[in-house]
Amino acid sequence: MAVTYITCRVQSRRGVQCTAEAVDPTAKLKICTRHLAEAVELLGDAMGRVPNPRRTQAT
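Read on for a plain summary of the structure. Not measured: the values here are computed from a predicted model.

Concerning the overall build of the protein
Okay, so step 1: Per the secondary structure count, the protein includes 1 helix and 0 strands.
Okay, so step 2: Split into buried and exposed, the 59 residues of the protein put 12% on the buried side.
Okay, so step 3: Long-range pairs, those at least 24 residues apart, make up 9% of the contacts in the protein between residues at least 6 apart in sequence.
Okay, so step 4: Accessible surface computed for the protein: about 5,500 Å², of which carbon and sulfur atoms make up 57%.

Looking at the side chain of His35
Okay, so step 1: Note that His35 resides in helix 1 (residues 33-49).
Okay, so step 2: Leaving out residues up to four positions away in the same chain, His35 has contacts with Cys8, Val10 and Cys18.

Topic: a nonpolar patch on the surface
Okay, so step 1: A contiguous nonpolar patch, built from Val23, Leu36 and Val40 and spanning about 240 Å² of accessible area, is present on the exposed surface.
Okay, so step 2: As for its position among the elements, Leu36 is in helix 1.

Here's the deal with the pattern of salt bridges
Okay, so step 1: Applying the stated criterion across every chain, the model contains 1 salt bridge.
Okay, so step 2: Residues Arg34 and Glu38 are paired through a salt bridge, measuring 3.4 Å at the closest nitrogen-oxygen approach. With Arg34 and Glu38 both in helix 1, this residue pair falls 4 residues apart, about one helical turn.
Okay, so step 3: The exposure class assigned to Arg34 is exposed, which follows from its relative accessible area of 54%.

Conventions used here
- Residues numbered from 1 in each chain as written.
- Predicted model: local features only at pLDDT ≥ 70, side-chain atom pairs only at ≥ 80, totals over all residues.
- Heavy atoms only, no water.
- Helix = DSSP H or I, 4+ residues; strand = E, 2+ residues; numbered from the N terminus.
- Buried < 20%, exposed > 50% of the residue type's maximum accessible area, 1.4 Å probe, protein only.
- Contact = heavy atoms within 4.5 Å.
- Areas by Shrake-Rupley, 256 points an atom, 1.4 Å probe, with all protein chains shown as cover.
- Patch = residues over 30% accessible without salt bridge, like charges linked within 9 Å, V, L, I, M, F, W, Y side chains within 5 Å.
- Salt bridge = Lys/Arg side-chain N within 4 Å of Asp/Glu carboxyl O.

Printed below as a string of structure tokens:
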């Protein structure tokens, strides 16, 4: 029996789709660990630029 798996949905600028296995095949966003790590890093950078009211309390 052939094994099937869901691939990452990220495409390069040239339109080539990533062929790595998706972290969670049932999730709405089907991405591999490499692209998930890139997304987490980008979100962390973005959150660092946005003032967080819980972190910036006046003393």
